[in-house]
Amino acid sequence: MITTRNLTKRFSNGVVALQDFSLHIDKGEFVFLVGPSGAGKSSFINLVIRKELPTSGLLKVGNMDVALLKKNEIPYFRRNIGVIFQDFKLLPNKTVYENISFALEVIEADTREIKIRVNYVLDLVGLTHKRNEFPSELSGGEQQRVSLARAIVNRPHLLLADEPTGNLDPETSWGIMELLKEINKRGTTVVMATHNKDIVDRLRRRVVAIENGRIIRDELKGGYSLED
Amino acid sequence: MKIRTVRYFSREAVRGIFRNKLMSLAAVGTITMALLIFGGLYLVTSNLQYWGQRARNQLEVRAFLTKNAPDRQVMEERLSSIPGVKSVKFISKEEGARILGEMFGQTDLFSHGENPLPDSFNIYPVRGADVEAIAVKIERISGVEEVVYGRNFVRFLNLFVRLIWIVGLILISLTVFAVLYIVINTIQLTVYARRNEIEIMKLVGATDSFVRWPFLLEGIYLGITGALVSILLLFQGYTILYGKAKSFARILPVLSSFEVTMDLIVFLLIMGIFFGALGSILSVRRYLKV
Ligand SMILES: Nc1ncnc2c1ncn2[C@@H]1O[C@H](COP(=O)(O)OP(=O)(O)OP(=O)(O)O)[C@@H](O)[C@H]1O
Ligand SMILES: [Mg+2]
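Below or above, wherever it landed, is the structure these notes cover. (Residues numbered from 1 in each chain as written. Chains lettered and ligands numbered in written order. Predicted model: local features only at pLDDT ≥ 70, side-chain atom pairs only at ≥ 80, totals over all residues. Heavy atoms only, no water.)

**Some points on the overall build of chain B**
Counting its regular elements, chain B contains nine helices and four strands. The secondary structure elements of chain B, listed N-terminal to C-terminal, are α-α-β-α-β-α-β-α-β-α-α-α-α. For chain B, whose C-alpha radius of gyration is 30 Å, the value lies well above the compact-globule estimate of 19 Å for 290 residues. Projecting the C-alpha coordinates of chain B onto the three principal axes gives extents of approximately 105 × 35 × 30 Å. Looking at chain B residue by residue over its 290 residues, the buried ones come to 44%. Seen as two clouds, the 33 positive and the 22 negative side-chain charges of chain B have centres 18 Å apart. (Helix = DSSP H or I, 4+ residues; strand = E, 2+ residues; numbered from the N terminus. Rg over C-alpha atoms; globule rule 2.2 N^0.38 Å. Buried < 20%, exposed > 50% of the residue type's maximum accessible area, 1.4 Å probe, protein only. Lys, Arg positive; Asp, Glu negative; His and termini not counted. Charge placed at Lys NZ, Arg CZ, Asp CG, Glu CD.)

Next comes the structure, spelled out in structure tokens:
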């Protein structure tokens with residue numbers, strides 16, 4: 001699903017967010033990205049969705065070389081990828097319902113189908129009662145769940161979750177993890193950046209640890225840190 | 001594009017306006033101000049033009065006949081057949097004497113002697129602008145002794161009418177640029193406030209045109225609103241001024257608001273739509289590069 005070879009990202013201000021980054025993630029895998037703040041986790045996600053362009057090296061998503069995507073292909077490419085953004089990226093002038101349905105409006109889905117699917121994911125993340133609120137009227141955790149609902153409503157092949165439990169209490173966090181596991185079981189590849197040691201240690205999935213933009217550990221059924 | 005997507009766009013545009021009330025208000029306000037300036041310029045220009053044209057259309061050519069000129073019917077035919085002539089009016093030497101007499105306040109101006117005045121014709125042109133050309137042709141007709149018309153006045157009027165046009169056009173074009181700059185800046189500000197929205201939409205898989213359409217429609221709606229407000233204000237204002245000016249109407253003819261209505265409404269609506277649409281397109285474009 002994702003293949004990188006010697007991938008490097010250097011921002012215009014000189015900061016190197018990723019370097020010599022080689023990784024292969026298979027279809028259907030569930031991968032944790034761990035590492036200290038500033039390690040490059042979000043940068044990796046931004047490269048995968050072609051928000052940023054690689055400075056050098058190869059990045060393939062599916063069988064697409066991301067650097068070779070044409071401008072007008074990018075929207076269609078992104079529609080196969082669901083992203084839970086670290087900063088949620090909700091549309092401030094749209095209600096919860098409209099934020100989620102937006103992902104289906106862009107693919108011009110039928111009205112009826114939109115209604116069914118949005119109501120379904122609203123129920124999944126437990127926000128049916130907040131459907132008509134605006135993001136500014138929600139708590140951080142609620143906004144995060146809206147971002148999650150929008151990311152999965154389109155049934156993407158690849159789900160990128162950037163700290164999806166960052167603002168949630170332990171109980172809600174585990175609820176969200178159950179959801180992600182379920183989505184993964186149905187065939188969606190899940191890549192999750194997290195600082196949540198508890199979750200990583202208990203789930204025992206593949207762990208890719210990053211530090212200063214380099215992969216320092218890649219372990220099947222790993223723990224949050226080496227000692228675990 | 002599906003029909004329902006089109007409907008989605010127009011709904012989005014309306015929502016965009018009402019969910020960004022302050023910004024929408026600023027945009028409508030700017031467009032209204034801009035169109036008020038245009039409308040005002042247009043009203044002044046078209047009234048000046050109207051005065052010039054009216055004065056020109058009251059122009060006449062007088063042709064005095066020779067003593068041995070052919071009789072009245074023949075002369076009338078010769079004069080009427082000149083292209084651009086609307087009508088001719090015969091003025092006999094007796095009538096000429098009477099008119100002259102009235103001017104001097106005497107009825108018996110030539111009563112003791114022979115009337116020295118020649119017979120004459122008043123010739124009215126279809127278009128006031130042609131007076132000079134017609135006069136030249138009349139001079140060449142046999143039987144015509146002398147041709148009189150307000151040569152300098154005609155030249156002045158022709159120049160005046162043309163000048164009004166040119167000055168009006170220059171003023172309007174200059175203000176178009178100044179005003180366009182202001183309007184685009186305002187709309188750019190409203191879009192700038194929503195640049196994050198554009199970025200998010202693109203990250204969720206929206207195409208450029210999917211993002212652009214609601215903004216474009218929004219701009220058009222705001223433009224139409226601005227146009228309607230300015231039309232209302234202009235006509236309200238003009239009607240009041242017209243009522244005041246009508247009492248001087250004989251010396252200072254003014255177009256009634258009905259006479260300027262259609263042109264101005266169409267002009268302002270087109271301008272409003274143009275400003276709104278162009279402003280939106282230009283502003284959205286720079287944030288689409290995500
Ligand atoms: N657009 C940008 N321009 C310049 N530098 C950037 C940009 N985005 C990220 N960086 C830098 O790249 C480095 C990696 O940042 P990144 O956001 O990928 O870290 P992270 O692993 O996601 O951290 P966290 O766990 O805090 O979210 C940081 O030093 C950051 O300052
Ligand atoms: Mg991050």
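Moving on from the coordinates now.
**A few points about the interface of chain B and chain A**
Counting residues at the interface gives 23 residues for chain B and 27 residues for chain A. A salt bridge links Asp208 of chain B to Lys71 of chain A; its shortest N-O distance comes to 3.0 Å. Between chain B and chain A we count 13 residue pairs in polar contact (both at pLDDT 80 or more) in total. Taken together, the elements giving at least two residues each to the side of chain B that touches chain A come down to α1 (3-19), α7 (195-203) and α8 (208-245) of chain B. Of the residues that constitute the side of chain B that touches chain A, the class distribution is nine nonpolar, four polar and ten charged. (Contact = heavy atoms within 4.5 Å. Salt bridge = Lys/Arg side-chain N within 4 Å of Asp/Glu carboxyl O. Polar contact = N/O pair within 3.5 Å; in protein donor to acceptor, adjacent residues only side chain to side chain. Nonpolar A, V, L, I, M, F, W, Y, C, P; charged D, E, K, R; others polar.)

**Focus: the packing of aromatic side chains**
As enumerated under the stated definition, the model contains 13 aromatic pairs over all chains in all. For the pair Phe102 of chain A and Phe210 of chain B, a centre-to-centre distance of 5.8 Å together with 80° between the ring planes defines the contact as edge-to-face. Here the residue Phe102 of chain A occupies a position in helix α3 (residues 96-105), and Phe210 of chain B occupies one in helix α8, the pair thus bridging two chains. The pair Phe102 of chain A / Phe210 of chain B is uniform in exposure class, with both members buried. Residues Tyr42 of chain B and Phe267 of chain B carry aromatic rings whose centres are separated by 5.8 Å and whose planes lie at 20° to one another, so their mutual orientation is stacked. (Phe/Tyr/Trp six-rings, centres within 6.5 Å; stacked < 30°, edge-to-face > 60°.)

**Here we look at the site of ligand 1**
Residues and elements named next belong to chain A. Not every one of the 13 residues close to ligand 1 is listed here, only the nearest: Ser37, Lys41, Ser42, Ser43 and His195. Contact distances for ligand 1 include 2.5 Å between an oxygen atom and a side-chain N or O atom of Ser37. Contact distances for ligand 1 include 2.6 Å between an oxygen atom and a side-chain N or O atom of Ser43. Per element, the largest residue contribution to the shell around ligand 1 is three residues, and it comes from helix α1 (residues 41-48). (Near = heavy atom within 4 Å.)

**Some thoughts on the pattern of salt bridges**
Think of it this way: side chains of opposite charge can pair up when their charged atoms draw near. Summed over all chains, the structure comprises 24 salt bridges over all chains. Across the pair Glu29 of chain A and Arg206 of chain A runs a salt bridge whose closest N-O atoms are separated by 3.0 Å. Here the residue Glu29 of chain A occupies a position in the loop between β2 (16-25) and β3 (30-34), and Arg206 of chain A occupies one in strand β9 (residues 206-211), the gap between them amounting to 177 residues. Owing to a relative accessible area of 10%, Arg206 of chain A belongs among the buried residues under this scheme. Taking the shortest distance from any N to any O, the salt bridge between Glu76 of chain B and Arg72 of chain B comes out at 3.6 Å. Of this pair, Glu76 of chain B and Arg72 of chain B both sit in helix α3 (residues 72-80), four residues apart, roughly one helical turn. With relative accessibility at 43%, the residue Arg72 of chain B sits in the partly exposed group. Salt bridges linked by common partners bring Lys94 and Glu98 of chain A together with Glu12, Arg15 and Arg19 of chain B together as one network.

**Some remarks on the coordination of the magnesium ion (ligand 2)**
Residues and elements named next belong to chain A. For the magnesium ion (ligand 2), the full set of protein donor atoms is Ser42 (OG) and Gln86 (OE1), at a range of 1.9 to 2.2 Å. Of the two residues, Ser42 is situated in helix α1 and Gln86 in the loop between β6 (81-84) and α3; the sequence distance between them amounts to 44 residues. Assessed through its relative accessible area of 24%, Ser42 is described here as partly exposed. Its relative accessible area of 41% is what places Gln86 among the partly exposed residues. (Donors = N, O, S within 2.8 Å, 3.2 Å for Na, K, Ca; no water.)

**A short note on helix α5 (residues 140-152) of chain A**
Between the first and last C-alpha of α5 of chain A there are 19 Å, a value that for 13 residues agrees with the 18 Å anticipated at 1.5 Å per step. For α5 of chain A, the buried fraction is high: twelve of the 13 residues fall into the buried class. Among the residues making up α5 of chain A, those that are buried are Gly141, Glu142, Gln143, Gln144, Arg145, Val146, Ser147, Leu148, Ala149, Arg150, Ala151 and Ile152 of chain A. The elements touched by buried residues of α5 of chain A are β6, α3, α4 (111-124), β7 (158-162) and α6 (170-185) of chain A together with α7 of chain B. (Expected span 1.5 Å × (residues − 1).)

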